[in-house]
Each structure stands twice: as C-alpha cells, then as structure tokens.
Amino acid sequence: MVNQIRLFLPLGALGALLLGAGACTQPLAESRAATQLPEQRRPAPAAPDTSGYERRAPQDLNGIGKYYMGRQIAHVMGHEGASWLDRSDRAQEEGTDQLLRELKLKPTDVVADIGAGTGFFTFRMSALVPQGKVLAVDIQPEMLESLRQTRAKLGANNVIPVRGTTQNPNLPAGEVDLVLIVDAYHEFDYPREMARAIKQALSPTGRLALVEYRAEDPNVPIKRIHKMSVAQARREMAAVGLRLTDSVETLPQQHLLFFQK
Ligand SMILES: C[S@@+](CC[C@H](N)C(=O)[O-])C[C@H]1O[C@@H](n2cnc3c(N)ncnc32)[C@H](O)[C@@H]1O
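We now turn to the structure provided with this report. Values in this document were obtained by computation on a predicted structure and should not be read as measured data.

Right, let's talk about the overall build of the chain for a bit. A count of helices and strands for the chain gives nine helices and eleven strands. Buried residues in the chain amount to 49% of all 261 residues. In the chain, once contacts between residues fewer than 6 apart in sequence are set aside, the share between residues at least 24 apart is 68%. For the chain, the accessible area works out to roughly 12,700 Å², and carbon and sulfur atoms hold 55% of it.

Okay, structure coming up:
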C-alpha cells in the first residue's frame, strides 16, 4: 500500500529525476578534458566534494537519482496520498502509542515535527505538551492547510504550522527540546542541510528522534528506498556532529533513534 501511494509523484520530483540523470554525465566530460591537457597546463584538481551528494541514474525509480553518502533519496510523498497517513490501522501497525511514550515528553517541551504531513504525531504530541508547543513543519502547502484545519477543529492552539523549504525547516535557533521526524528524513532532498539546521534549532540538551522503517529487516514490507539502517543514519548524523545517544528497537517495524549534539 505504501508503495502504491508513493507513485503519486509531484511534477517537481519528476523534474529532479530527469535532472539527476542528466547531471551525472558532467564529471565524465570534465575528466576527459583534463587528461588531454599537457601536465603543466592542467588545472589544479577541484576541491573534493565533501557534501556527500552524487548524481547517478536511479537504481530504483522511486528515487530522485540523487545519492547522499551512498543512499538514494526517495521522492517526496505527494499530498494526494495524505489519507494513508491517517489510516485506521496505523496505530497498531506501527505501535504509535509506544513510540509516543518513548519520546518521554515533558508538559513544557517545545517540539518540532518535521515532515509533519497531516499531523498524525503533531496533534498527539500537542496533548502531551499542554504548556509547550508543537512546531509542525512541512514543505507542501496542502499538508499545511490540512494541519490548519485540524488545529481549528481540535482547538489545538499550541500547534504552530511552519512552512519549511527543502533545505531549512525554519525553526528558532537553540529552542527546540525535541525534533521528531517520522518516515520523512529519507525523502529530504537536502538531508545534510536539514540535519545542520536541526542541530542549530536544538537546545543544548535537545534531542532528535528519527523514526525510519528498519532496512536490516527483510520482514518489514516496505520498499528498500523507504527504509534506513542504523549504520546509515549514524553516518549521516555524524557528518553534521550529531551522535546517537539512545535507541528503541521494540517498535513493530521502525527504528527510533535519538541523536544529540
Ligand atoms: C511520508 S510523509 C510522513 C508524514 C508524517 N511524519 C507521518 O508520519 O504521518 C513525509 C512528509 O515529509 C514532508 N517533507 C519532505 N521533505 C521535507 C522537508 N525537506 N522538510 C519538511 N517536510 C518535508 C512531505 O511533504 C510529507 O508530508
């Protein structure tokens, strides 16, 4: 089911796919030109690309043809599939009550739900932080509109919808006690920039809770591109100076990984 819904690709994503395929021919052309120049006229070698990004033809068409630290980034789940996020059997399938308990939120916490979608976690967390607030970040206006409507219906005044960009969740610096990202990080177009911005947004004791389907477990019925391994998540967070401080491996299908500065 998850894989069917993800076939609703926004046009931008299709464009990114095409761009990815085209861009991968560039380094080849450059290296050929360099070898034809006499030694003394060769330009100094380009500084190594430390961003960790690479363009290659997609191994899996659910991906955008852009790779980060060896992992292909998935297409963003279009808002057309939003109802899947609120499916009736989700709580049981993903153990979401346990997930919420494991977050150990305090009533005054400032929380950010990045890639909030329709707010499945946003509104459940809003009830757990009555004297705090939940910043619900998404890049799709349709998701933000859905968040606004549910906020009004529930009177959840401590929920603040925030329009993020693909590179920046637009959070206040140093103020967030917990950033939650559920089933969204693997589709961030700029994971490195996002992780850096998250680090900046965290308070000195703040935590990032990253929830992704377990790539190590073949019994989790989700396409590989929508899963992540602990090793990969650790590598990507270490690249921006976030370290793994705790993990919960008893959810039915997902890792719950905590990172701190
Ligand atoms: C699969 S949905 C998950 C929604 C929600 N976390 C949940 O579990 O119900 C992923 C969401 O991440 C959002 N998203 C993708 N890239 C994003 C980014 N760079 N910043 C914020 N949101 C992003 C998408 O628009 C989509 O709403």
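Still to come is the rest of the account.
Okay, the pairing of strand β11 (residues 254-260) next. Of all seven residues in β11, six are buried, a share of seventy percent or more. Relative to β11, strand β8 (residues 202-214) runs antiparallel, the two being bridged by six bridges. Within β11, the position partnered with L208 by the bridge is F259. Sheet analysis places strand β10 (residues 243-248) next to β11, joined by five bridges and oriented antiparallel. Within β11, the position partnered with D246 by the bridge is F258.

Pairing is antiparallel across the open sheet formed by three strands, whose spatial order is β1-β2-β3. Every interior strand has two partners, whereas the edge strands, β1 (53-55) and β3 (71-74), have only one. Taken pair by pair, the neighbouring strands of this sheet meet at an average axis angle of 40 degrees, ignoring direction. Where β1 meets strand β2 (residues 63-68), three bridges bridge the pair, whose relative direction is antiparallel. Within the sheet, the bridge partner assigned to Y53 lies in β2 and is Y68.

Attention shifts here to unusual backbone geometry. Most peptide bonds take the trans form, and the phi angle of most residues other than glycine is negative. Located in the positive-phi region is N170, a residue other than glycine, with phi close to 55 degrees. Relative to the helices and strands, N170 resides in the loop between β6 (159-163) and β7 (176-182). One non-glycine residue, D183, lies in the positive phi region at around 50 degrees. With respect to the element layout, D183 can be found in the loop between β7 and α8 (191-201). Assessed through its relative accessible area of 10%, D183 is described here as buried.

Before going further, it helps to examine the side chain of R71. By secondary structure assignment, the location of R71 is in strand β3. In terms of polar contacts, R71 uses its side chain to reach the side chain of E236, at 2.7 Å.

On to the pairing of β2. Counting buried residues along β2, six of its six residues qualify, which places the element largely inside the surrounding structure. Sheet topology note: the β2/β3 ladder contains three bridges and is antiparallel. Considered in β3, the bridge of Y68 is made with R71.

The next thing to look at is the site of the ligand. Not every one of the 22 residues close to the ligand is listed here, only the nearest: R90, G115, D138, Q140 and V182. Between the ligand and R90 there is a distance of 2.7 Å, counted from an oxygen atom to a side-chain nitrogen or oxygen. The protein chains hide 100% of the 600 Å² of surface that the ligand would expose on its own.

One pass over the full model with this rule turns up nine salt bridges. Among the salt bridges present, the one from E93 reaches R87, with a minimum N-O distance of 2.9 Å. With relative accessibility at 30%, the residue E93 sits in the partly exposed group. The buried category is assigned to R87, whose relative accessible area is 13%. The salt bridge partner of R87 is E94, with a shortest N-O separation of 3.0 Å. For the pair R87 and E94, a shared accessibility class is recorded, and that class is buried.

Definitions and cut-offs
- Residues numbered from 1 in each chain as written.
- Predicted model: local features only at pLDDT ≥ 70, side-chain atom pairs only at ≥ 80, totals over all residues.
- Heavy atoms only, no water.
- Helix = DSSP H or I, 4+ residues; strand = E, 2+ residues; numbered from the N terminus.
- Buried < 20%, exposed > 50% of the residue type's maximum accessible area, 1.4 Å probe, protein only.
- Contact = heavy atoms within 4.5 Å.
- Areas by Shrake-Rupley, 256 points an atom, 1.4 Å probe, with all protein chains shown as cover.
- Pairing = 2+ DSSP bridges.
- Axes fitted to C-alpha atoms, helices over the stretch in contact; angles between N-to-C directions.
- Polar contact = N/O pair within 3.5 Å; in protein donor to acceptor, adjacent residues only side chain to side chain.
- Near = heavy atom within 4 Å.
- Salt bridge = Lys/Arg side-chain N within 4 Å of Asp/Glu carboxyl O.

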